[in-house]
Amino acid sequence: MRRLVGNWGVVDVDDCVNAAKCLVDQGLADPGRTAIRGGSAGGYTTLCALAFRDYFKAGASYYGLSDLEVFVGDTRKFESGYLFSLVGPYPERRDLCRERSAVNHLDGIGVPMIVFQGLEDRVVPPN
């Protein structure tokens with residue numbers, strides 16, 4: 001958890017890629033069929049893995065964060081402070097929020113992906 005401080009969207013993505021590579025290296029997974037999925041924060045990691053790394057062959061994001069800037073102002077008060085420690089204070093580190101938001105890097109996603117989002121989700125709103 002401490003590794004995530006200031007590094008959300010980087011170290012979590014690297015951990016997922018490295019875990020998949022380890023399974024492939026051990027012969028437990030097919031390198032041509034690796035997939036990633038996750039919900040909420042895990043959905044954010046999924047989107048980042050697909051946008052910023054060229055490893056997984058498919059992905060599924062369940063109510064994942066695609067735009068960190070929107071999350072700052074459009075979530076419940078409890079969750080709104082997550083970004084300050086996981087990415088950096090907003091708006092001072094707005095650059096990192098933009099850099100680590102998959103929605104700003106859709107051209108990096110070149111594999112099949114499905115996105116699920118609930119219309120009444122109060123933590124990760126549809127917008």
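Details of the structure are given in the entry above.
Residues numbered from 1 in each chain as written. Predicted model: local features only at pLDDT ≥ 70, side-chain atom pairs only at ≥ 80, totals over all residues. Heavy atoms only, no water.

Here we take up the packing of aromatic side chains. All told, the structure shown has 3 aromatic pairs when counted by the stated rule. When the ring of Trp8 is compared with that of Tyr44, the centres are 4.4 Å apart and the planes differ by 50°; the resulting orientation is tilted. Here the residue Trp8 occupies a position in the segment before α1 (11–25), and Tyr44 occupies one in helix α2 (residues 41–52), the gap between them amounting to 36 residues. Since its relative accessible area comes to 5%, Trp8 is described here as buried. By relative accessible area, Tyr44 is classed as buried at 0%. A centroid spacing of 5.5 Å and a plane angle of 90° characterise the contact between Tyr55 and Phe56, whose relative ring orientation is edge-to-face. The exposure class of Tyr55 is buried, given its relative accessible area of 15%. On the basis of relative accessible area, Phe56 is assigned to the buried category, the value being 6%. (Phe/Tyr/Trp six-rings, centres within 6.5 Å; stacked < 30°, edge-to-face > 60°. Helix = DSSP H or I, 4+ residues; strand = E, 2+ residues; numbered from the N terminus. Buried < 20%, exposed > 50% of the residue type's maximum accessible area, 1.4 Å probe, protein only.)

Another aspect to go through is the environment of Asp95. Here Asp95 shows up in helix α6 (residues 94–99). Taking the C-alpha atoms as reference, Asp95 lies 24 Å from Cys16; in sequence the two are 79 residues apart.

A few words now on the sheet that holds strand β3 (residues 113–116). Read from one edge to the other, the open sheet built from 3 strands follows the order β1-β2-β3, with strand pairing classed as parallel. Single-partner strands in this sheet number two, and they are β1 (35–39) and β3. Put simply, the sheet's adjacent strands are angled 5° from each other on average, direction ignored. Of the strand pairs in this sheet, β1 and strand β2 (residues 58–62) are connected by 5 bridges, and their pairing is parallel. Its bridge partner being in β2, Arg37 is matched across the sheet by Ala60. Docked against the sheet, α2 engages β1, β2 and β3, running at close to 150° with respect to β1. (Pairing = 2+ DSSP bridges. Axes fitted to C-alpha atoms, helices over the stretch in contact; angles between N-to-C directions. Contact = heavy atoms within 4.5 Å.)

Running from amino to carboxyl end, α1 crosses α2 at an angle of 75°, the nearest separation of the two axes being 9 Å. Classified by the angle their axes make, α1 and α2 are roughly perpendicular. Together, Asp12, Val13 and Cys16 of α1 and Tyr44, Thr45, Cys48 and Ala49 of α2 make up the contact between the two elements. Split into classes, the residues belonging to the contact of α1 with α2 amount to 5 nonpolar, 1 polar and 1 charged. (Parallel < 35°, antiparallel > 145°, perpendicular 65-115°, else oblique. Nonpolar A, V, L, I, M, F, W, Y, C, P; charged D, E, K, R; others polar.)

Attention shifts here to the pattern of salt bridges. Under the counting rule described, the total for this entry stands at 5 salt bridges. The partner of Arg3 in a salt bridge is Asp15, with the nearest N and O atoms 3.3 Å apart. Pair noted here: Arg3 is in the segment before α1 and Asp15 is in helix α1, with a separation of 12 residues, a long-range link. The exposure class of Asp15 is partly exposed, given its relative accessible area of 39%. (Salt bridge = Lys/Arg side-chain N within 4 Å of Asp/Glu carboxyl O.)

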